[in-house]
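Report on the structure
In case you want the letters, here they are:
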Amino acid sequence: MAMRGMGALPFYGGCGFRVWAPHAQGVSVMGDFNGWSGDAHWLTREGGGHWYGEVPGAKIGDQYKYVLYTPAGIFDKIDPYARQVTNSAGNGVIYDHGWFDWQGDNYHCPSHHELVIYEAHVGSYVGGWEGSVGTFQTLTDKLGHFQHLGVNAVQLMPVAEFAGDRSWGYNPANPFAVESAYGGPDGLKVFVREAHKRGIAVILDVVYNHFGPSDLDLWQFDGWSENGRGGVYFYNDHRARTPWGETRPDYGRREVRDYIRNNALMWLRHYHVDGLRYDMTAYVRSVDGTGDDLPEGWTLMREVNEAIRTEFPGRIIVAEDLRGEAKLSSTGSDGALFHAQWDPMFVHPVRRAAIPPRDEDRSLAEVRGAVSHSYGNAFQRVIYTESHDEVANGNARVPHEVNPSDPTGWHAQKRSTLAASLVFTSPGIPMVFQGQEFLQGGWFRDDVPLDWYQNDRFQGIVRLYRDLIQLRRNFEDDTRGTARPWAQGLPRERGGERAGVPPLGVRRAARRRRGGRQPQRGGAPRLHGRHARRGPLAPEVQLRCAHLLGVVRRVPVGRHARVAGGTGRAAGPRHDRDRPLLRARLLSGVGFPAAGARCGRLGAW
C-alpha cells in the first residue's frame, strides 16, 4: 500500500518517494541506495500528475535526487519536498521528523497581549569561528541573554535553505529544508526545544511571495514552461514579476497551494514553532504590491491561516504588509485571518520624531497618532523602531541616524531609548531588533555579527530595556502591566486560564464580594466602548508614559485627568508602584514635567 504524503517517506526497511511532475514522461529516483543509477528505481504514474515508487533498503541519511525524462530533456532535480539537503545546489537527504527527541516538549505560546518579540538573524547574531556564519548552536548559547532581557518570543529571520551560506534568508531555494550552514533541521529543533525550556516562544519568518531566484530546482521543474518563465510551480505571465525576480508561485494551482499550505503547517507540526510571520504579503495579494489584483493569493493566505487557527489555536500569525490594510487581521468573510501585522503607522512617525535634532522638524501630533493607531484592537499590530528592513536598504539603526558621527553618544542614547520607551508603552505587540538593546550601530548586514563588547559597555542601556520589558510584562506585580485581553476585544481563547485569568463566573463573584470595585493589583480595570480599544497598558501607565513623552497637557491631579486629544478619563498615577518605570526613567535621564507645565518641547531628548 502506497505511503501517504509528498517527498521522501521512510518506513521500516525502505523509503517511498512521491513527486508532482505533470509534464514528465518518466521519473526515477537515484541515490546512495542504488549507486546513483538513473534507471534502477522507476516511479509509477498516479493521478493528477503525481509519481510514486518504493525503494527497499533506502534509509534515513541517504542522499537522493529525482531524474525526470521530459520532452525538453532529462533533468536531475532536488525533491521539492526535501526535508534536508546537503546544500541548495546539492542533493536531498532522506529525513524522518519522528526520530527527534523533543524531551516531552509541550510548551504553549504566551497570549498575544503578553508577547514581547525579539527579532534575530541566525547567521549574524553571534559570529562563528574565524569569520564563519553563525549557527543555531551559537544562537542557543545566547538564550540566557534573552532570559535576562525578559523577552518571551524570538522571531527568526527565514531559515529555509538558501543559495550560499550567508543571506538574510528571503531567497528560499528549498522551502522544506532548513539551511544546512545553520545546522539543518535538528539544529533548529534543538534551538526551539531549549528556548521552550526557558519560557521563550519561537516565531519563524516564511517567504511565499517568491522563491529563489537562484539555486532554484523548482524552476521549470518538469521541463514545461511558457514565455521562458518558471513552469508548473510559478506564474508564466506578467504575474510572475516581483521585486526579487520572476518567481512568484502560481497561487491558482491546487498543487502549488497545497505546497505552500503544507510548508506552513510543517513548521508548526514538526518544528514546534509558536507562530509564523509572512514576508511582504502585499506581493501575495497583488502583482505590484499596491492593490488586490491577485485574489487567489488573498484566498490562499486565508486558507492557510484558517488551517493554522484550527489545528494550532494557541499560535500567532503575523503579516508584514506595510500597507495599513485592516482586512488582513479581520476574521470576517473578507479577512485574511492574520492575528497581527507589522505597523508602518507606528515605526515611521516615531523614527521621524526621534531622529531630527530640532523640535521644529518633528510632530507630536504624528507621535500621538502613532501611539493611538489601531486595526481593531490593540494586539492586531506589531510595533517597533528597528527591524531588519528599517535598519538596512538605505537606513541605519536609530542611534546612527540620530548622530552618525557619534552613535553611542549622549544624544543618540537619549533619543533612541525614548523611542524604545514608546514601543514598550504603546498599544500593540512590542518588538526589538537584535543588538538594539546595546546600541548596535550602523546598519544590518548578514556578514557582520553583533558587537557583543557593547553588551558589556552599555549595561545601563541594557538595564533600561530590561526595566521597560519588566514594566510591560508586570514582572514585579507592582504595575498593572498589560490589560486583560477581553477588554481589547480579543477572543477568550487568547487569554483564559493560561494567561492567569480566572473564569468569568469567578471574576463576577469576586467583584460582588468587593462591592463592585475593580481590583487594585494584578490586572487592569475592565474597559468599555472606545476605551476598550485604547491599548494594552493600564490607564495610569498609559497616562504616565504619555506625560513622559510630552503629549499630556497637565499632570493628573486627584482621581481623574483628561488626556490631550479627547482620549477620555483614566485613573491617576500611583508613583509608589512603578519601580521599573522609575528605574527606566532615571537611566534615560528623562523626568516628568512640573505640574501645570505645557509639554510640547522634545529638544531635551
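Thresholds, definitions, all that
- Sequence order sets the numbering: in each chain, residues are counted from 1 along the sequence as written.
- With pLDDT at 70 or above as the cut-off, local features in this predicted model cover only qualifying residues; side-chain atom pairs require 80 or more to be listed or tallied, and sums for whole chains, interfaces and linings still use all residues.
- Hydrogen atoms and water are omitted, and side-chain values are computed over all heavy atoms in the structure.
- For helices, the fitted axis covers only the stretch in contact; all axes are lines through C-alpha atoms, and the angles between them, taken along N-to-C directions, range from 0 to 180 degrees.
- Only DSSP runs of H or I reaching four residues or more are called helices, and only runs of E reaching two or more are called strands; each is numbered from the N terminus.
- Geometric relationships in this document are graded by angle, where less than 35 degrees denotes roughly parallel, more than 145 denotes roughly antiparallel, 65 to 115 denotes roughly perpendicular, and other angles denote oblique.
- Take the far helix as the reference: if the near one is turned anticlockwise from it by less than a right angle, the crossing is left-handed, and if turned clockwise, right-handed.
- By definition, residues are in contact when any of their heavy atoms lie within 4.5 Å.
- Each residue is assigned to one of three groups, with Ala, Val, Leu, Ile, Met, Phe, Trp, Tyr, Cys and Pro labelled nonpolar, Asp, Glu, Lys and Arg labelled charged, and all others, Gly among them, labelled polar.
- Two strands pair if DSSP finds at least two bridges between them.
- Salt bridge criterion: a side-chain nitrogen from Lys or Arg within 4 Å of a carboxyl oxygen from Asp or Glu.
- Each residue is placed in one exposure class: buried if its accessible area under a 1.4 Å probe, protein chains only, is under 20% of its type's maximum, exposed if it is over 50%, and partly exposed if it falls in between.

1. Re the packing of helix H11 (residues 410–425) against helix H13 (residues 459–473)
- Where H11 meets H13, the closest approach of the two axes is 10 Å, and the angle between their N-to-C directions is 15°. Comparing their axes, H13 and H11 come out roughly parallel. When you trace H11 past H13, the crossing you get is right-handed. Side by side, H11 and H13 meet where Gln 413, Ser 416, Thr 417, Ala 420, Ser 421, Val 423, Phe 424 and Thr 425 of the first sit next to Ile 461, Leu 464, Tyr 465, Leu 468, Ile 469, Leu 471 and Arg 472 of the second.
- In terms of residue class, the contact of H11 with H13 is made up of nine nonpolar, five polar and one charged.

2. Some points on the sheet that holds strand E5 (residues 50–56)
- With antiparallel pairing, four strands are arranged side by side in an open sheet as E1-E2-E5-E4. Strands with a single pairing partner mark the edges of an open sheet, and in this sheet they are strand E1 (7–11) and strand E4 (44–45).
- Here two bridges tie E4 to E5, and the two strands are oriented antiparallel to one another. Across the sheet, the residue bridging to Thr 44 is Tyr 52, located in E5.

3. A few points about the pattern of salt bridges
- This model, assessed by the stated rule, comprises 26 salt bridges.
- The salt bridge partner of Glu 366 is Arg 352, with a shortest N-O separation of 3.2 Å. Here the residue Glu 366 occupies a position in helix H9 (residues 364–372), and Arg 352 occupies one in helix H8 (residues 344–354), the gap between them amounting to 14 residues.
- Judged by its relative accessible area of 34%, Glu 366 is partly exposed.
- Across the pair Asp 447 and Arg 445 runs a salt bridge whose closest N-O atoms are separated by 3.2 Å.
- Here the residues in one salt-bridge network are Arg 193, Glu 194, Lys 197 and Arg 198, joined through shared partners.

4. Concerning the pairing of strand E10 (residues 153–156)
- Burial along E10 is two-sided: the residues Ala 153 and Gln 155 and Val 154 and Leu 156 are all buried.
- Note that strand E9 (residues 117–120) and E10 share four bridges and pair parallel. Across the sheet, the residue bridging to Glu 119 is Gln 155, located in E10.
- Inspection of the sheet shows E10 paired to strand E13 (residues 201–206) by four bridges, in the parallel sense. Opposite Gln 155, over in E13, you have Ile 203 as the bridge partner.

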